[in-house]
Amino acid sequence: MRLILLGPPGAGKGTQAQRLVARHGIVQLSTGDMLREAVRNGTPVGLRAKAVMDAGQLVSDDIVIGIISDRIDQPDCSKGFILDGFPRTVAQAEALDSILAEKGLKLDAVIELKVDQAKLVDRILQRARETAARGEPVRKDDDPVVFKTRLEAYNRDTAVVAPYYAERGLLVAIDGMRPIDEVTQAISDVLETV
Ligand code: B4P
């Protein structure tokens, strides 16, 4: 199964992807996690991405497309994967189409998690509070001012990705405002039909 999870920052893409990995035994490909790891390891990609991510902007298409293209080539992706946080621009969606077409692969579904803006802000502030309470470093992009920039980037560059897949008959929208377990169940119900 090859699946994309779309949605604004804080919609729960990462949260749901981890649960789907456990349920369906397929790999999670999170560009956010891959970029954060590159930053931690001080790689050339990480050095280029850090300031952009800390400011709440999107990392350049060429970097992210390169990361995903290399990752999809790994043997553990042969049984399928969940793309979490990619594509975030139409250019990334077009690049993904080319990568898959070259391998003779197709997407099975694109799931969009719909969550309103006030709830997104609540969740991110909650995560920042819980992380700080554990004495762990809070993500710079979970700062309320930076989060506003992330939402602007989403509205400007990423919101158009859902219609791209709707035109191709692949998009299913899910109410992501509900509790985590209910959202997981709703996604699993969709996956049974594809
Ligand atoms: P990501 O790591 O993808 O982060 P995200 O969009 O904030 O998170 P997500 O939607 O996964 O929310 P989560 O499950 O964590 O991106 C970070 C940055 O990386 C981007 O801003 C950008 O700079 C860069 N980047 C990544 N991919 C890129 C790309 N393709 N192109 C360019 N740049 C890219 O959930 C958030 C919180 O809500 C959690 O605390 C969770 O517990 C809670 N939550 C989730 N679902 C809930 C529910 N149903 N009910 C209550 N709480 C819930």
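Each chain has its residues counted from 1, following the order in which its sequence is written. The predicted origin of the model limits local features to residues at a pLDDT of at least 70 and limits the giving and counting of side-chain atom pairs to 80 or more, whereas totals for whole chains, interfaces and linings rest on all residues. Here the side-chain values reflect all heavy atoms present in the structure, with hydrogen atoms and water set aside.

### A short note on the overall build of the protein chain
Move 1: Scanning the protein chain for helices and strands turns up 9 helices and 5 strands.
Move 2: Its helices and strands in sequence order give the protein chain the pattern β-α-β-α-α-α-β-α-β-α-α-α-β-α, from N to C terminus.
Move 3: Atoms considered for the radius of gyration are the C-alpha atoms alone. The globule rule reads 2.2 Å times the number of residues to the power 0.38. In terms of overall dimensions, the protein chain is globule-like: its C-alpha atoms have a radius of gyration of 16 Å, near the 16 Å expected for 194 residues.
Move 4: Principal-axis analysis of the C-alpha atoms places the extent of the protein chain at approximately 45 × 40 × 30 Å.
Move 5: A simple rule labels every residue: compare its accessible area, found with a 1.4 Å probe on the protein chains alone, to the largest value its type can have, and call it buried under 20%, exposed over 50%, or partly exposed in between. Relative to its full complement of 194 residues, the protein chain shows a buried share of 44%.
Move 6: Within the protein chain, contacts between residues at least 6 apart in sequence are counted, and of these 75% link residues at least 24 apart.
Move 7: Here the accessible surface of atoms and residues is derived via Shrake-Rupley with a 1.4 Å probe, and residues count as covered only by protein chains that are part of the display. Summed over its atoms, the accessible surface of the protein chain is roughly 9900 Å², and 52% of this surface lies on carbon and sulfur atoms. Put simply, DSSP H or I for four residues or longer makes a helix, DSSP E for two residues or longer makes a strand, and each gets a number counted from the N terminus. What makes two residues a contact is simply this: any of their non-hydrogen atoms within 4.5 Å.

### Examining unusual backbone geometry
Move 1: A cis amide bond links phenylalanine 86 with the next residue in sequence, proline 87, at an omega value of 0 degrees.
Move 2: Residue position: proline 87 is located in the loop between β3 (81–84) and α5 (90–102).

### Regarding helix α3 (residues 44–54)
Move 1: Buried within α3 we find Gly46, Ala49 and Met53. Along the axis of α3, the buried residues cluster in a sector spanning 75 degrees; they form a single face. When the buried face of α3 is taken as reference, the exposed residues oriented beyond 90 degrees from it are Pro44, Leu47, Arg48 and Ala51.
Move 2: Those residues of α3 hidden inside the fold are in contact with α2 (31–41).
Move 3: Glycine 56 sits one or two positions beyond α3 and adopts a positive phi of about 85 degrees. The directions considered for the arc are those from the helix axis to the C-beta atoms.

### Focus: the UniProt feature "binding site: AMP" (unreviewed entry) in the protein chain
Move 1: UniProt positions are given in the numbering used here, feature names are shortened, and annotations may be inferred rather than shown by experiment. Sites flagged by UniProt as "binding site: AMP" (unreviewed entry) map to Thr31, Arg36, Gln57, Leu58, Val59, Gly85, Phe86, Pro87, Arg88, Gln92, Arg139 and Arg150. These annotated residues cover 120 residues of sequence, and their C-alpha atoms reach 24.6 Å apart at the extreme, placing them across more than a single site. Lining residues of the largest pocket, restricted to the annotated ones just named, are Thr31, Arg36, Gln57, Leu58, Val59, Gly85, Phe86, Pro87, Arg88, Gln92, Arg139 and Arg150.
Move 2: Valine 59 has contacts with Leu35, Ala49, Val52, Met53 and Val64, leaving out every residue within four places of it along the chain.
Move 3: By relative accessible area, arginine 139 is classed as partly exposed at 25%.
Move 4: Setting aside chain neighbours within four positions, we find arginine 139 in contact with Arg36, Arg127 and Arg150.
Move 5: Any N or O atom pair separated by 3.5 Å or less is treated as a polar contact, with the protein-specific requirement of one donor-capable and one acceptor-capable atom, and with residues adjacent in sequence counted only for side-chain atom pairs. Side chain to side chain, arginine 139 and aspartate 141 meet in a polar contact 3.0 Å long. Only protein atoms enter the 1 Å grid used here, on which a cavity is any set of points holding a 1.4 Å probe that cannot leave and a pocket is any open set flanked by protein within 12 Å on both sides along at least five of seven lines; residues with an atom within 4 Å of a point are listed as lining.

### Topic: the pattern of salt bridges
Move 1: Salt bridge, as used here, is a side-chain nitrogen of Lys or Arg placed within 4 Å of a carboxyl oxygen of Asp or Glu. Counted according to the given criterion, the structure contains 15 salt bridges.
Move 2: Among the salt bridges present, the one from aspartate 73 reaches lysine 103, with a minimum N-O distance of 2.4 Å. Placement of aspartate 73 in the loop between α4 (61–72) and β3 and of lysine 103 in the loop between α5 and β4 (109–114) is noted, with a sequence separation of 30 residues between them.
Move 3: The exposure class of lysine 103 is partly exposed, given its relative accessible area of 34%.
Move 4: For glutamate 167, the salt bridge goes to arginine 168, with nearest N and O atoms at 3.8 Å.
Move 5: Note on arginine 168: relative accessible area 42%, which makes it partly exposed.
Move 6: Salt bridges sharing partners connect three or more residues here, namely Arg127, Arg139, Asp141, Asp142 and Arg150.

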